[in-house]
Amino acid sequence: MFHNYSVLAIVPARGGSKRVLSKNKRLINGSPLISWTIQACRDCKYIDRIVVSTDDPDIAQISRNSGADLVLNRSAGLSTDSSPVMDTVTQIITDLKAKGESYDFVFLGQPTSPLRTSAHIYSAFDLIKNNINASVVGVTESGHPKEWQGPIEDDGKMQNFLQITRLDMSSNILPASYVINGAIYISPTSTLLKERTFFPNENLNAFFMPRRDSIDIDTEFDFEIANYLLSEKHLAP
């Protein structure tokens, strides 16, 4: 319970993954990837219920063993590479409400952020304790300023890249740029149902996280980095 407001944690975990095969159930520092997120949610007393949505029986069993309160079977229509996670979130909210379960806030815990801990979740929620209509999204500082980034054509030509970048300026005098790190998404349930996004036009706050805690596993290289960092910290979910 977060200051008398109920919180639902939703952990979306498809079985299919093209770039990192079976990543959500792959062992990282000795435990399945999804277990790290479930444990972070369990360790955060602000969270009242943890719901995992998956289309994979193995992930479902791992989630139960890891302490998820409820595991829901995700339909094939919501389990493709192009399926918006927001469709899964709103369906879970609607289905639970039909069963008499309503929550004031939703925390979206993507399994691909294993270095996000309960301490991060606590701190992110504390950003909105004085404004319960606000949403929070995790960000981290980019390794390079946005002025150094741009598109490159399929044939490798860089004309468009050169037109929009500022390669004449040193990175140390350019303002810091930030990227969404995928680790923290918090929003009032009413906002999610109305706007169908964790990025509302108003009342959106950034929760700044260190880059080492912001690893979002999207490639094998990401997996290797996260595994090393978790091993270095001697952590276990």
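For the structure, see preceding data.
As the structure is a computational prediction, the values presented were derived from the model and not from experiment.

Participant: Explain the side chain of D56 to me, please; I cannot follow it from the model alone.
Facilitator: Relative to the helices and strands, D56 is located in the loop between strand 4 (49-54) and helix 2 (57-66). Among the polar contacts listed, one links the side chain of D56 to the backbone nitrogen of D58, at a separation of 2.7 Å. In this structure the side chain of D56 is engaged in a polar contact, spanning 3.1 Å, whose partner is the backbone nitrogen of I59. The residues contacting D56, other than those within four sequence positions of it, are G15 and K25.

Participant: Teacher, can you tell me more about the pattern of salt bridges here?
Facilitator: Once the charged atoms of two side chains with opposite charge are near each other, the side chains can pair. Counted by the stated rule, this structure contains five salt bridges. When the shortest N-O distance is used, the salt bridge between K25 and D56 registers 3.1 Å. Here D56 lies in the loop between strand 4 and helix 2 and K25 lies in the loop between strand 1 (7-13) and strand 2 (27-28), a separation of 31 residues in the sequence. Note on K25: relative accessible area 23%, which makes it partly exposed. The partner of R196 in a salt bridge is D87, with the nearest N and O atoms 2.5 Å apart. Residue R196 is found in the loop between helix 6 (189-195) and strand 9 (204-208), and its partner D87 is found in helix 3 (residues 85-98); the two are separated by 109 residues along the sequence.

Participant: Even after reading the chapter, I still don't get the layout of surface pockets, so can you show me in this structure?
Facilitator: Rolled over the atoms, a probe sized like a water molecule indicates the empty space that remains. Of the pockets and cavities examined, the second largest pocket occupies roughly 270 Å³. Around the second largest pocket sit T140, E141, G143, V179, I180, N181, R211, S214, I215, D216, D222 and I225, which together line it. When contributions to the lining of the second largest pocket are tallied by element, the ones reaching two or more residues are strand 7 (135-141), strand 8 (178-188) and helix 7 (220-233). Here the element with the most residues in the lining of the second largest pocket is strand 8; it accounts for three residues. For the lining of the second largest pocket, the class distribution of residues is four nonpolar, four polar and four charged.

Participant: Got a minute to help me understand the pairing of strand 4 in this structure?
Facilitator: Looking along a regular strand, one sees side chains alternate from face to face of the sheet. Counting buried positions along strand 4 gives six out of six residues, so the element sits mostly inside the fold. Where burial is concerned, the two faces of strand 4 agree: the one with R49, V51 and S53 and the one with I50, V52 and T54 are both buried. Inspection of the sheet shows strand 1 paired to strand 4 by six bridges, in the parallel sense. Note that in strand 4 the partner of L8 across the bridge is R49.

Rules of the game
Residues numbered from 1 in each chain as written. Predicted model: local features only at pLDDT ≥ 70, side-chain atom pairs only at ≥ 80, totals over all residues. Heavy atoms only, no water. Helix = DSSP H or I, 4+ residues; strand = E, 2+ residues; numbered from the N terminus. Polar contact = N/O pair within 3.5 Å; in protein donor to acceptor, adjacent residues only side chain to side chain. Contact = heavy atoms within 4.5 Å. Salt bridge = Lys/Arg side-chain N within 4 Å of Asp/Glu carboxyl O. Buried < 20%, exposed > 50% of the residue type's maximum accessible area, 1.4 Å probe, protein only. 1 Å grid on protein atoms, 1.4 Å probe; cavity = no way out; pocket = protein on both sides within 12 Å on 5 of 7 lines; lining within 4 Å. Points joined across faces, edges and corners; volume = space filled by probe spheres on them. Nonpolar A, V, L, I, M, F, W, Y, C, P; charged D, E, K, R; others polar. Pairing = 2+ DSSP bridges.

Note that every value here comes from positions in space, so none of it alone points to a role or purpose.
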